[in-house]
Amino acid sequence: MAKDLQVVTLASGSKGNAALISTDSQRFLVDVGISCRELVKRMQQVGASPEELDGVFLTHEHVDHVKGLVTFAKKYQVPMYASQGTWRMIFSKYPELNRANCRLTGSRMLVGDVSVDCFAISHDAAQPQGYSFLWRTGGTKCTYVTDTGFVTPAVREAAGGSDVLILEANHDVEMLKNGSYPYELKQRILGTRGHLSNVTAGQFLLQLERMPKHIFLAHLSEQNNLPQLALDTVQNILDSKKRLRETRLLVANQYQPVADFLTGQLALPGLFED
């Protein structure tokens, strides 16, 4: 029975994104935004391999989410899911992509013992979406939300009841405004089709009726954010309303896996070794 939930962010940030979501019986990957070689390396670090995957779910077509896709699709026979708009853009940008395992997402899909819900996010991509993974046997739920300029009603609904939430905390607004980015890029990031700030992420979490047991702050900007700043900002917002009593906050990393467990019973050999 799939009672244990293991979540590992393999890479998270503007240089590439990938997350591994597993129980004791199934494994799923969200995004392939780093090279296939590096992806396999990081999966091996946490005791997983691409051959074990039951599916790959793509949020959108931007390169930091699909960088390793062409090589991955060539080497591994794993079903890959994305929206129609996302596939259309990927096929136009990467005509060499092996399409044999490309699948369209539906609003709700059943993959083995897992129900996967897709929901719209607000980003400057063709048809971007986030995902909720609900284990029917164990009853645990993980939701993945990054690359959205604001919290849509669909995001709010999807995040509700999640045991684990991977949530974008992309930038500190003042760092972004005072930073070196061109004005147009700053406006894009701050816009409704851009990225969530630390403060917006924290304020959204306050609105949840039930706090997730584990929250990963993800997709941090290297130029306009700091891991400790993101953590402190969200933690202070939640502490102000005493909402962190049963919740653990983690910050995803661009260059190495970050893991936590819902039950602590799944092993990740080598992950915490130097």
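The model shown is predicted, which means the values in this text are computed figures rather than measured ones.

### Thoughts on the overall build of the chain
Check the secondary structure of the chain and you find 9 helices and 14 strands. Computed over C-alpha atoms, the radius of gyration of the chain comes to 17 Å, within 12% of the 19 Å expected from 2.2 N^0.38 for 274 residues, which places it in the range of a compact globule. Dimensions of the chain, computed from the C-alpha atoms along their principal axes, are close to 45 × 40 × 40 Å. Looking at the 274 residues of the chain, the share that counts as buried comes to 59%.

### Focus: the sheet that holds strand β11 (residues 164-168)
Spatially, β7-β8-β9-β10-β11-β12-β13 is the arrangement adopted by the 7 strands of the open sheet, whose pairing is mixed. If you trace the sheet from one side to the other, it starts and ends with β7 (108-111) and β13 (248-251), each paired once. For this sheet the average axis-to-axis angle between neighbouring strands, irrespective of direction, equals 20 degrees. Pairing of β7 with strand β8 (residues 114-120), which is carried by 4 bridges, proceeds in the antiparallel orientation. Note that in β8 the partner of Val111 across the bridge is Val114. Contacts between helix α9 (residues 227-240) and the sheet are confined to β12 (214-218) and β13, with β13 contributing the most and set at about 155 degrees to the helix.

### Topic: the confidence of the model for the chain
Predicted coordinates in regions of low pLDDT should not be interpreted in detail. Overall, the predicted model of the chain reaches an average pLDDT of 93, with 94% of residues at or above 70. A low-confidence stretch, residues 263-274 stays under pLDDT 50, and its non-local contacts, those more than four residues away or across chains, total 25 contacts.

### Focus: the pattern of salt bridges
The tally for this structure, following the rule as stated, stands at 7 salt bridges. One salt bridge in this structure joins Arg27 and Glu52, with 3.0 Å as the shortest N-O distance. Here Arg27 is found in strand β3 (residues 27-30), whereas its partner Glu52 is found in the loop between α1 (36-45) and β4 (55-57), with 25 residues between them in sequence.

### Quick word on α1
Every buried residue of α1 is listed here: Cys36, Leu39, Val40, Arg42 and Met43. One side of α1 holds all its buried residues, which, seen down the axis, span an arc of 165 degrees. In α1, the exposed positions that point more than 90 degrees away from the buried face belong to Arg37 and Gln44. Tucked inside the fold, the buried residues of α1 contact β1 (6-11), β2 (18-22), β3 and α3 (69-75). Just beyond α1, the residue with positive phi is Gly47, at close to 75 degrees.

### Quick word on the packing of aromatic side chains
The final tally for this structure, using the stated rule, is 9 aromatic pairs. Arranged with centres 6.3 Å apart and planes meeting at 70 degrees, the rings of Phe28 and Trp135 form a pair that is edge-to-face. Residue Phe28 is located in strand β3, and its partner Trp135 is located in strand β9 (residues 129-135); the two are separated by 107 residues in the primary sequence. A residue is classified by how much of its surface remains accessible, and Phe28, at 0% relative accessible area, is buried.

### Digging into the side chain of Thr233
Mapped onto the secondary structure, Thr233 falls in helix α9. In this structure Thr233 comes out as buried when scored by relative accessible area, which is 17%.

### Structural notes on the nonpolar core
In this structure, Phe72 and Trp87 are the most contacted members of the largest nonpolar core, which totals 32 residues. Looking at this core, the elements that each hand over two or more residues are β1, β2, α1, α3, β5 (80-82) and α4 (84-93). Counting residues per element, this core draws most heavily on α1, which supplies 4 residues. For Phe72, the contacting residues outside a window of four places in its chain are Val32, Cys36, Leu39, Pro50, Leu53, Val56, Val78 and Met80. Among the nonpolar cores identified, the runner-up in size contains 26 residues, and Ala159, Leu165, Leu167 and Ile215 belong to it.

### A word on the pairing of β9
Burial of β9 is extensive: 6 of the 7 residues sit out of reach of the surface. Bridge analysis of β8 against β9 gives 7 bridges, and the strand direction is antiparallel. Paired with Ser115 across the bridge in β9 is Leu134. Here β9 runs beside strand β10 (residues 141-145); their pairing, made up of 4 bridges, is antiparallel. Pairing of Ser132 across the sheet is with Thr143, part of β10. In this antiparallel pair of consecutive strands, β9 and β10, the connection spans 5 residues, and Gly139 shows a positive phi of 80 degrees.

Rules and cut-offs
Residues numbered from 1 in each chain as written. Predicted model: local features only at pLDDT ≥ 70, side-chain atom pairs only at ≥ 80, totals over all residues. Heavy atoms only, no water. Helix = DSSP H or I, 4+ residues; strand = E, 2+ residues; numbered from the N terminus. Rg over C-alpha atoms; globule rule 2.2 N^0.38 Å. Buried < 20%, exposed > 50% of the residue type's maximum accessible area, 1.4 Å probe, protein only. Pairing = 2+ DSSP bridges. Axes fitted to C-alpha atoms, helices over the stretch in contact; angles between N-to-C directions. Contact = heavy atoms within 4.5 Å. pLDDT = per-residue confidence, 0-100. Salt bridge = Lys/Arg side-chain N within 4 Å of Asp/Glu carboxyl O. Arc of directions from axis to C-beta. Phe/Tyr/Trp six-rings, centres within 6.5 Å; stacked < 30°, edge-to-face > 60°. Core = buried A, V, L, I, M, F, W, Y, C linked by side-chain atoms within 4.5 Å.

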